[in-house]
Amino acid sequence: MASGTSRDVLGRGLSVLGRAIREQPRIFAVAVSGSVLFGLMVIASAYVVGAVVGDVVVPAIARGSVGTGALALAAAALFGISVLRVVGIFGRRLGAGYMQFRLQAAYRRRVTRRYLDLPLAWHQRNATGTLLSNANSDVEAAWYPIAPLPFAVGTLVMLVGAVVSLFLTDWALALVGLAVFPALFALNVIYSRRMAPRQARAQRLRAEVSGIAHESFDGALVVKTMGREAEETARFSARAGELRDALISVGRLRGVFDPLLETLPSLGTLAVLVVGAFRLRAGAISVTELVSVAFLFTVLAFPVRAIGWVLAELPRSVAGWDRVRRVLDATGEMPYGERRLDPADPTPATLAFADVRFGYEPAEAHLPGTEVLGDVTFTVPAGKTVALVGPTGAGKSTIASLAVRLVDPGAGTVALDGVDVRELAADSLAATVALVAQVPFVFDDTVRANITLDRPGIGDEDVWAALRLAEADGFVAALPEGLDTMVGERGTSLSGGQRQRLTLARALAGRPRLLVLDDATSAVDPRVEAAILAGLRAPTGGQGAAASILVVAYRRATIALADEVIYVEQGRVVARGTHTELLATVPGYADLVTAYEQAEHEREQNRTYDEVAPLTSGLEIEVDR
Ligand SMILES: Nc1ncnc2c1ncn2[C@@H]1O[C@H](COP(=O)(O)OP(=O)(O)OP(=O)(O)O)[C@@H](O)[C@H]1O
Ligand SMILES: [Mg+2]
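Residues numbered from 1 in each chain as written. Chains lettered and ligands numbered in written order. Predicted model: local features only at pLDDT ≥ 70, side-chain atom pairs only at ≥ 80, totals over all residues. Heavy atoms only, no water.

Q: What should I look at first to understand the nonpolar core in this one?
A: Note on soluble globular proteins: their nonpolar side chains tend to be buried together. One finds Tyr-107, Trp-143, Ile-146, Phe-181, Val-272 and Phe-297 to be the most contacted residues of the largest nonpolar core, which totals 67 residues. Mapped onto this core, the elements with two or more residues apiece are α1 (6-23), α2 (25-63), α3 (68-117), α5 (128-142), α6 (149-169), α7 (171-218), α9 (229-281) and α10 (287-328). If you tally residues by element for this core, the top one is α10, at 16 residues. In this view, Val-272 contacts Leu-173, Val-176, Ala-277, Leu-290, Val-293, Ala-294 and Phe-297; residues no more than four positions away in its chain are not counted. (Core = buried A, V, L, I, M, F, W, Y, C linked by side-chain atoms within 4.5 Å. Buried < 20%, exposed > 50% of the residue type's maximum accessible area, 1.4 Å probe, protein only. Helix = DSSP H or I, 4+ residues; strand = E, 2+ residues; numbered from the N terminus. Contact = heavy atoms within 4.5 Å.)

What follows is the structure, given as structure tokens:
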């Protein structure tokens, strides 16, 4: 992680602040105005207090009586100053708060939006825990110094005002100020430089801790069943311990510098009193002036700390900003085109792969990428079902990803109804194709929400129609609250097969014209799987738009329903034809299908599927959970 030298941390930190100001100039102006008003009133209050002591209290002691007129005037002045100070504080606090939280919200939105724009390949290279921490703690860290920033800027103005007023009062006292204020500033800068590497380290460790936590909770099942709780806990606590040490070292530094920063203005007050006493005796200044200046140093101490707060947070801000920018500047998003397929067209779409080559990007830039697909050419004609068959790792899921444009080919084209998918607009693509992935994903929401995904125009009737096609209406109807049942995080309250059919229904509810099923019914009873596919091919009663289907399948019954079978091995189309033709002519194909069938058969003997009841009953027995 680039933390750079501490010198450029200051420069880069200031440029991050500059960006914040450019993004929220008006709110910043309000906050700084409030802060400047406050600063000027601090100076004014010092002079009024000086005047009260010099012109009211001292003469009163001398005379033995109080000049009520002067006292009333002073009281009124102090009251007025207090009111303006309150207004100043109010403006500053409100402005700073608005600015900080608006920036946080804006950047959280930008970062999460960016995640969704970035291609799948990028996500595969970045851990979920890191993404979470980028959108959360890094965004927060980047805008941390915004809270004290207006105060610090107002304080700088106040310090200039203080030095000017000191010079107007007495040059000797002004010299004390000129010695103390730059020293304060220098101390703050040293502080922030020392802080920089500690903060950067802490910020990086925060992300790592959240990454490990995320992974262990995500893999709770594996961790528990493999009895790795102790090791996982140790892995986590080692990193948590490092974070603790990093934060303690931040705290220790703060412990040293905070008192120093507090003490310096007090030393200034002391110096003013010493120097002032000589000047008073020499007749160069009055009691009023001495009291004013001494008081000024006392009241300055607190606001000057604001500069320290900003400088101390800058390193953390830079560390956070670097991590946020890494996301915002990430390249490789796949821009959509402008073309649209006729949205009213109810007919199935044609999918055509022409000489498609594809290789995943290497995990690290210097490693060679491996070609996963070479010269893949095939067509799924409108309304037809094409089965994609091949051994594990052959590239079937990769073909499915290309078909719905999760990734783009390195060479060749993927076309829908003759239009290159790269030229299609995002909504047109989403309305035309649907992928049911190998690993189903279910949101922690109701069954209904999981199927509609808030897409417009999908009513309960459509939801039930889709569920029927996916052979899922039975179990959903049996759920305690039907469509309103919450399914739990990632659908934990559903069985594997139920989850698969829910995601299938989700795809169907959008009435896609091309349906891509990547082993999407593997956890479903083979008979149910065949019934689903048959239902998709010949929807009854006009329910569900007929779609072209590309299906990754293993089971003979499923494959036999396809109009054509494409057999892939090691990223190449080895053979194509009907199931019967391939069985007769391609030895590899026959072996694969037979082997799979055997395994399936054995499995069926040994264990029950998650559904054992006949598919027609609608009253299914759920074994899992
Ligand atoms: N994100 C990735 N990065 C690098 N290589 C990948 C990635 N995803 C898949 N591969 C590789 O690409 C090849 C094809 O993978 P793919 O997932 O398409 O196979 P598949 O035919 O779907 O296999 P299965 O039947 O096991 O699902 C494999 O060799 C795999 O290791
Ligand atoms: Mg696969």
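Q: Sorry if this is basic, but what is going on with the sheet that holds strand β1 (residues 351-360) here?
A: Remark on secondary structure: sheet strands pair via backbone hydrogen bonds, oriented parallel or antiparallel. The strand order β2-β1-β4-β5 describes an open sheet built from four strands, whose pairing is antiparallel. Two strands lie at the open edges of the sheet, namely β2 (370-380) and β5 (419-420), each paired on one side alone. Two strands pair when backbone bridges link them, and β1 and β2 are joined in this way by seven bridges, in the antiparallel orientation. The residue of β2 that forms the bridge with Ala-352 is Thr-379. Packing against the sheet, helix α11 (residues 396-403) makes contact with β1, β2 and β4 (411-416), and its axis sits at approximately 120° to β1. (Pairing = 2+ DSSP bridges. Axes fitted to C-alpha atoms, helices over the stretch in contact; angles between N-to-C directions.)

Q: Can you walk me through the sheet that holds strand β9 (residues 564-569) in this structure?
A: Pairing is mixed across the open sheet formed by six strands, whose spatial order is β6-β7-β8-β3-β9-β10. Edge positions in the sheet fall to β6 (433-436) and β10 (572-577), since each of these pairs with one other strand and no more. Averaged over all pairs of adjacent strands, the angle between their axes in this sheet comes to 15°, without regard to strand direction. Bridge count for strand β7 (residues 514-518) against strand β8 (residues 548-552) is five bridges, and the pairing is parallel. When the sheet's bridge partners are listed, Leu-514 is paired in β8 with Ser-548.

Q: Looking at this model, I keep getting lost on the site of ligand 1. Mind explaining?
A: Around ligand 1, the structure places Gln-124, Tyr-360, Val-372, Thr-392, Gly-393, Ala-394, Gly-395, Lys-396, Ser-397, Thr-398, Gln-438 and Tyr-554. Take Thr-392: an N or O atom from its side chain is 2.5 Å from an oxygen atom of ligand 1. One nitrogen or oxygen atom from the side chain of Gln-438 is found 2.8 Å from an oxygen atom belonging to ligand 1. In isolation ligand 1 offers 640 Å² of accessible surface; the protein chains occlude 64% of this area. If you tally residues by element for the shell around ligand 1, the top one is α11, at three residues. Grouping the constituent residues of the shell around ligand 1 by class yields four nonpolar, seven polar and one charged. (Near = heavy atom within 4 Å. Polar contact = N/O pair within 3.5 Å; in protein donor to acceptor, adjacent residues only side chain to side chain. Areas by Shrake-Rupley, 256 points an atom, 1.4 Å probe, with all protein chains shown as cover. Nonpolar A, V, L, I, M, F, W, Y, C, P; charged D, E, K, R; others polar.)

Q: Would you explain the coordination of the magnesium ion (ligand 2) in this entry?
A: Where a metal carries four tetrahedral donors, each ideal angle is 109.5 degrees; where it carries six octahedral donors, the ideal angles are 90 or 180 degrees. Protein ligation of the magnesium ion (ligand 2) involves Ser-397 (OG) and Gln-438 (OE1), the donor distances falling in the range 1.9 to 2.4 Å. Of the two residues, Ser-397 sits in helix α11 while Gln-438 sits in the loop between β6 and α13 (447-452), which places them 41 residues apart along the sequence. Residue classification places Ser-397 among the partly exposed residues on the basis of a relative accessible area of 26%. (Donors = N, O, S within 2.8 Å, 3.2 Å for Na, K, Ca; no water.)

Q: How should the side chain of Thr-155 be read in this particular structure?
A: Relative to the helices and strands, Thr-155 is located in helix α6. Residue Thr-155 is classed as buried on the basis of its relative accessible area, which comes to 1%. At 3.3 Å, the side chain of Thr-155 and the backbone oxygen of Pro-303 are in polar contact. Among residues more than four places away in sequence, those in contact with Thr-155 are Ser-35, Pro-303, Val-304, Ala-306 and Ile-307.

Q: I would appreciate a short explanation of the side chain of Arg-316 in the present structure.
A: Residue position: Arg-316 is located in helix α10. It turns out Arg-316 is buried and unbridged, and the closest side chain with the opposite charge, Glu-313, is 4.2 Å from it. Discounting chain neighbours no more than four positions away, the residues touching Arg-316 are Ala-141, Tyr-144, Gln-199, Gln-203 and Arg-206. (Lys, Arg positive; Asp, Glu negative; His and termini not counted. Salt bridge = Lys/Arg side-chain N within 4 Å of Asp/Glu carboxyl O.)

Q: What is the right way to look at the pattern of salt bridges in this model?
A: Pairs can form between side chains of opposite charge whenever their charged atoms are close. Within this structure, the stated rule accounts for 30 salt bridges. A network of salt bridges, in which partner residues are shared, links Arg-12, Asp-322, Arg-325 and Asp-329.

Q: What exactly am I supposed to notice about a nonpolar patch on the surface here?
A: Nonpolar side chains collect at one region of the surface, where Phe-167, Trp-171, Leu-175 and Leu-178 lie side by side and expose about 420 Å² of accessible area between them. The element best represented in the nonpolar patch is α7, accounting for three residues. In this fold, Trp-171 is placed in helix α7. Its relative accessible area of 53% is what places Trp-171 among the exposed residues. (Patch = residues over 30% accessible without salt bridge, like charges linked within 9 Å, V, L, I, M, F, W, Y side chains within 5 Å.)

Q: Please explain the packing of aromatic side chains as it appears in this structure.
A: When we look at a pair of aromatic rings, we describe it by the centre distance and by the angle of the planes. Under the defined criterion, the tally for this structure stands at 13 aromatic pairs. Between Tyr-107 and Trp-143, the ring centres sit 5.1 Å apart and the planes meet at 55°, which makes this aromatic pair tilted. With a gap of 36 residues between them, Tyr-107 in helix α3 and Trp-143 in the loop between α5 and α6 connect regions that are remote in the sequence. Comparing Tyr-107 with Trp-143 shows no difference in burial state: the two are buried. For the ring pair Tyr-567 and Tyr-589, a centre distance of 5.5 Å and an interplane angle of 80° mean the geometry is edge-to-face. (Phe/Tyr/Trp six-rings, centres within 6.5 Å; stacked < 30°, edge-to-face > 60°.)

Q: Explanation requested: the pairing of β4 in the structure shown.
A: Looking along a regular strand, one sees the side chains alternate between the two faces of the sheet. Pairing analysis gives five bridges linking β1 to β4, with the strands arranged antiparallel. Considered in β4, the bridge of Ala-354 is made with Thr-413. As defined by bridge partners, β4 adjoins β5 across two bridges and the pair is classed as antiparallel. Each bridged residue has a counterpart across the sheet, and for Leu-416 the counterpart in β5 is Val-419. The hairpin turn running from β4 into β5, its antiparallel successor, is two residues long, and Asp-417 in that turn takes a positive phi close to 50°.

Q: For this particular structure, what's the right way to read α7?
A: Side chains three or four residues apart in an α-helix point the same way, a direct result of the helix having 3.6 residues per turn. Here α7 contains 48 residues, and its C-alpha end-to-end distance of 68 Å stays within 8% of the 70 Å for a straight helix at 1.5 Å per residue. Roughly 35° is the biggest bend found in α7, and it falls at Ala-196, with proline Pro-197 one to four residues downstream. (Expected span 1.5 Å × (residues − 1). Bend = angle between axes of the 7 residues up to and from the residue.)

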